[in-house]
Amino acid sequence: MRLSTRKLLDKSFTFCAVMAVVVLTAFLIFVLAPIFVRGCGAYVFRGTVEYRRMMLDQFGRGDEVALAREIALAQTARQPVYSAVTAFEAELKQMPAARRREMRPLFKVVREGLELLLGPEPGKPLPTLPRMLYGQTRWDGARRHLKHVLYEVQWDYSDDDDGVRVLAPRKPFFAGTALEPIFDLLENDLDRMLNPRLTFYGRFLTDKSVDAHFFGGIGPEVMGTIYLALTAMLIAVPLGVVAAIYFQEYAEGGAVMTFLRSCVNTLAGVPSIVFGLFGLAFFINTIKVSQGKSVLAGALTLALLVLPTVIRASEEAIAAVPRAYKEGALALGAGQWRTVLTIILPAALPGILTGVVISMGRAAGETAPIIFTAAVSVGKLSRPLKMLFRDTPALSWNLYNICTEHEAVDRIRHVQYGMALTLVVLVLALNLVAILIRARVSKRLKG
Amino acid sequence: MKKSILTAGLIIGSLTVNAEQKMVMDGSTTVGPIAKAFAEYYMRENPGVNISVSESGSGNGAKSLLNGNCDIANLSRDLKDSEQQAMKDKGVNPVKHVVAFDALPVIVHPSNRVKGLTIGQVRDIYSGKITNWKEVGGSDRKIVVVSRETNSGTFETFSELVMGKDARISSKTEYAGSNGAVRQRVQMTKGAIGYAGLGFVDRSVKALEINGVMPCVQCVLDKTYPLARELFMFTDGEPRKGSLAARFLALINTEKGCEIVEEIGYVPVNAAMRK
């Protein structure tokens, strides 16, 4: 091959490799950046007076006196709107029947919109569900919702084709009535009515949810995930490490060992949903580790799932321990058991830990194994030992749940992103720990 | 060793379960919002109680009750004969409690010019006889048929009320795992048609008139809307008086319980009386 051709080939390969890395990085940024940016919105946002009212009612947080003053101020700003509503109600009664019939449904929509925006009208009986007790707690939500109050979405079907979306201002519908001024009032004065303020809600991470994630945080989900992952590792690590020691140090070669090894490898390739179904059929319905779903059943299932990873990582770590260590110990008269326990295991420990931490990240992020064995949409936390026999919410499953099954998916976007961010950060942090351990190991082995 | 841990665990488990009041609910995603709201309301009023709710579908709820894995199974349909037989064989005695009335709005993307369909047309769309909206007065667009998966009670109700005994749902149908997923699919897809519980339908999709009637509270009560149904909670045997399940289920008929059901968007059981 001519030199120039070889150089060309070499350059084109370098180019391909660089491109691959660039594409990968771009993809990573493309996926992670929105999660980070929007996920932070669950922790840092502009909270309205409704948010502070909710926090005081539901969590007993905040300064009562200052809040009372703030509510009074907001109330003063809102008063013209409510006066207009009352005036319009009186006007409605005076209207001719035909016009009244026409106006009433329009008025109803505005009124419901107002309740969603500012909370229940003063002096009216309070609703039962917390989600209806407060107006928009977040300024971004309030701005979005304001549009629903100011404009009506209509669909124009006059063409032969699909309908076209038209935003029709509501104000002209009410022209000349007492209700007309509220639209300008809302548009111009909304910040005085809601008083948005930069809010840092760090306790999103630990708070319980209020009314199916409409308000509050993701505490039970975070704790559930941690319980599940930790318990799974408590089960998987002793089993996995012992199995690895056996494979590496005790087992003789032969058909049985080859078979066992391929079994472990096959276990690593089994889809996680199969583990989930197995967990339900075996742990819950057959040996009944608990009555119904529980952290224990979920953790046992997750332990099975990560077992091959733990075994393989431990095997590799043990195999990497220099042979001279073992021979030295044996030569000094230590038995095999003692050699393994005092020489090989300590030397292999960092490698084993890396595998363990990575598996823990996997266990924390898995959804399918816990659907049938541990996860619920609403649950309460209690003490760790009790938790073992309780079902629990968990980040991965509840993220799916509130993105698809929840009755108001669009109203809780910030919780969904916040949950995704928390899960990603949790797994990233675990992987980072693994990388740090590995870095220390290679340094030690070199030195 | 492992076995002894498990046995020890079982003992601790049974002790703790008895010490604190605990109740597990599983089943329908349609009844889910009611169950979740009831559970939170009840736990707020009675802090010592722990109620958990899963939403895995009516079919799984029934299986859960059969296997003794839950105390209350939420179903958006009645038990099937096969399920009742299986429960009888296992010594489970299902007792049903009506929690709310519901309708199944048939929903389309709001850009769709079609205002209403007859039951026959809906059946033909789902069985694959009608494949384009222009056949039912819409624009020239292929129909994307979205259904709930076969484990769902909503699916069963829909099959029974719309498809009847003869028509089969076409193999081109898309299946979605929950009411919320159906609504999201329809709200994002021009030309899509789907169905979901009343509590899940908002202004982002357009509900169709069926046989000339819009789904609403009134037409659910007087049964003029053809796709109406009851939502259930099942227990194994009539709950003992004073037990947690009994006290919880009593919530259904109270003023507060009915308010919750109504605020979520379903028709409460006392609505008929109020009328």
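Residues numbered from 1 in each chain as written. Chains lettered and ligands numbered in written order. Predicted model: local features only at pLDDT ≥ 70, side-chain atom pairs only at ≥ 80, totals over all residues. Heavy atoms only, no water.

Draft legend 1. Structural view of the overall build of chain A. The secondary structure content of chain A amounts to 17 helices and 6 strands. A compact globule built from 447 residues should have a C-alpha radius of gyration of about 22 Å, whereas chain A, at 31 Å, is more than 25% larger. Taken over the C-alpha atoms alone, chain A extends approximately 105 × 70 × 45 Å along its principal axes. Taking all 447 residues of chain A together, the buried fraction comes to 46%. Accessible surface computed for chain A: about 22800 Å², of which carbon and sulfur atoms make up 66%. Taking the average location of the 50 positive side-chain charges in chain A and that of its 37 negative ones, the two points are 9 Å from each other. (Helix = DSSP H or I, 4+ residues; strand = E, 2+ residues; numbered from the N terminus. Rg over C-alpha atoms; globule rule 2.2 N^0.38 Å. Buried < 20%, exposed > 50% of the residue type's maximum accessible area, 1.4 Å probe, protein only. Areas by Shrake-Rupley, 256 points an atom, 1.4 Å probe, with all protein chains shown as cover. Lys, Arg positive; Asp, Glu negative; His and termini not counted. Charge placed at Lys NZ, Arg CZ, Asp CG, Glu CD.)

Draft legend 2. Representation of the interface of chain B and chain A within the structure. Contact with chain B, which involves 55 residues of that partner, is made by 53 residues of chain A. In total, chain B and chain A occlude about 4400 Å² of area from one another, counting both sides; carbon and sulfur atoms represent 47% of this. When residues of chain B are sorted by the area they lose upon contact with chain A, Glu40, Arg113 and Glu263 of chain B head the list and together hold 13% of the total. Across the contact surface, chain B and chain A share 2 salt bridges. (Contact = heavy atoms within 4.5 Å. Buried area = accessible area lost by both parts, 1.4 Å probe. Salt bridge = Lys/Arg side-chain N within 4 Å of Asp/Glu carboxyl O.)

Draft legend 3. Inspection of a nonpolar patch on the surface at higher detail. Where nonpolar side chains cluster on the molecular surface, the patch consists of Phe15, Val18, Met19, Val22 and Val23 of chain A and spans about 460 Å² of accessible area. Note that Val23 of chain A resides in helix H1 (residues 3–40). (Patch = residues over 30% accessible without salt bridge, like charges linked within 9 Å, V, L, I, M, F, W, Y side chains within 5 Å.)

Draft legend 4. Spatial organisation of the state of the cysteines. Taken as a whole, this structure holds 1 disulfide over all chains when the rule is applied. In this model, Cys216 of chain B is linked to Cys219 of chain B through a disulfide, with the two sulfur atoms separated by 2.3 Å. Here the S-S torsion is close to 140 degrees, and the disulfide linking Cys216 of chain B with Cys219 of chain B is therefore right-handed. Judged by relative accessible area, Cys216 of chain B falls into the partly exposed class, the value being 31%. The exposure class assigned to Cys219 of chain B is buried, which follows from its relative accessible area of 5%. This cysteine, Cys40 of chain A, is not joined by any disulfide, and Cys403 of chain A carries the nearest cysteine sulfur, 17 Å off. (Disulfide = S-S within 2.5 Å.)

Draft legend 5. Looking closely at a negative patch on the surface. Judged by side-chain charge, Asp156, Asp159, Asp160 and Asp161 of chain A come together as a negatively charged surface patch. Examined against the element boundaries, Asp160 of chain A turns out to sit in the loop between strand S2 (151–156) and strand S3 (164–169).

Draft legend 6. Region of interest: the domain arrangement of chain A. Entries for chain A in the domain assignment read domain 1 (45–200) and domain 2 (219–446). For domain 1 of chain A and domain 2 of chain A, the distance between their C-alpha centres works out to 50 Å. (Domains from an automatic or database assignment.)

Draft legend 7. How the structure looks around the pattern of salt bridges. All names here are of chain A. One pass over the full model with this rule turns up 32 salt bridges over all chains. A salt bridge links Arg61 to Asp207, with the nearest nitrogen and oxygen atoms 2.6 Å apart. Of this pair, Arg61 sits in the loop between helix H2 (49–59) and helix H3 (64–94) while Asp207 sits in the loop between strand S4 (197–200) and strand S5 (209–210), and the two are 146 residues apart along the sequence. Arg261 serves as the salt-bridge partner of Glu315, at 3.1 Å between the closest nitrogen and oxygen. Of this pair, Glu315 sits in helix H11 (residues 295–320) while Arg261 sits in helix H9 (residues 255–269), placing them 54 residues apart in sequence. Judged by its relative accessible area of 10%, Glu315 is buried.

Draft legend 8. Summary view of H2 of chain A. All names here are of chain A. Counting buried positions along H2 yields 9 of 11 residues, so the element is predominantly enclosed. Looking only at H2, the buried set comprises Val49, Glu50, Tyr51, Arg52, Met54, Met55, Leu56, Gln58 and Phe59. With its phi angle positive at about 65 degrees, Gly60 sits one or two positions after the end of H2.

Draft legend 9. Just the sheet that holds strand S4 (residues 94–103) of chain B, in detail. Residue and element names in this part refer to chain B. The 6 strands are arranged S2-S1-S3-S12-S4-S13 in an open sheet whose pairing can be described as mixed. Bordering the open sheet on either side are strand S2 (49–53) and strand S13 (267–268), each of which pairs with just one other strand. Pairing analysis gives 3 bridges linking strand S1 (residues 21–27) to strand S3 (residues 72–75), with the strands arranged parallel. Bridged to Gly27 within S3 is Asn74. Seen against the sheet, helix H2 (residues 32–45) touches S1, S2, S3, S4 and strand S12 (228–236) and runs at an angle of roughly 170 degrees to S2. (Pairing = 2+ DSSP bridges. Axes fitted to C-alpha atoms, helices over the stretch in contact; angles between N-to-C directions.)

Draft legend 10. Molecular detail of the sheet that holds strand S10 (residues 206–207) of chain B. All names here are of chain B. Strand order in the open sheet formed by 5 strands is S8-S7-S9-S5-S10, and the pairing between neighbours is mixed. Among the strands making up the open sheet, the edge pair consists of strand S8 (174–176) and S10. Summarising the sheet, strand S5 (residues 106–108) and strand S9 (residues 192–195) pair through 3 bridges and their orientation is antiparallel. In the sheet register, Ile107 faces S9, and the bridge partner there is Gly194.

Draft legend 11. Seen up close, unusual backbone geometry. A positive phi angle, close to 70 degrees, is found at His213 of chain A, a residue other than glycine. By secondary structure assignment, the location of His213 of chain A is in the loop between S5 and strand S6 (215–216).

Draft legend 12. Focus on the confidence of the model for chain B. Residues of chain B with pLDDT of at least 70 account for 91%, and the chain-wide mean is 87. A low-confidence stretch, residues 12–18 of chain B (pLDDT under 50), is modelled with 4 contacts involving residues beyond four sequence positions or located in other chains. (pLDDT = per-residue confidence, 0-100.)

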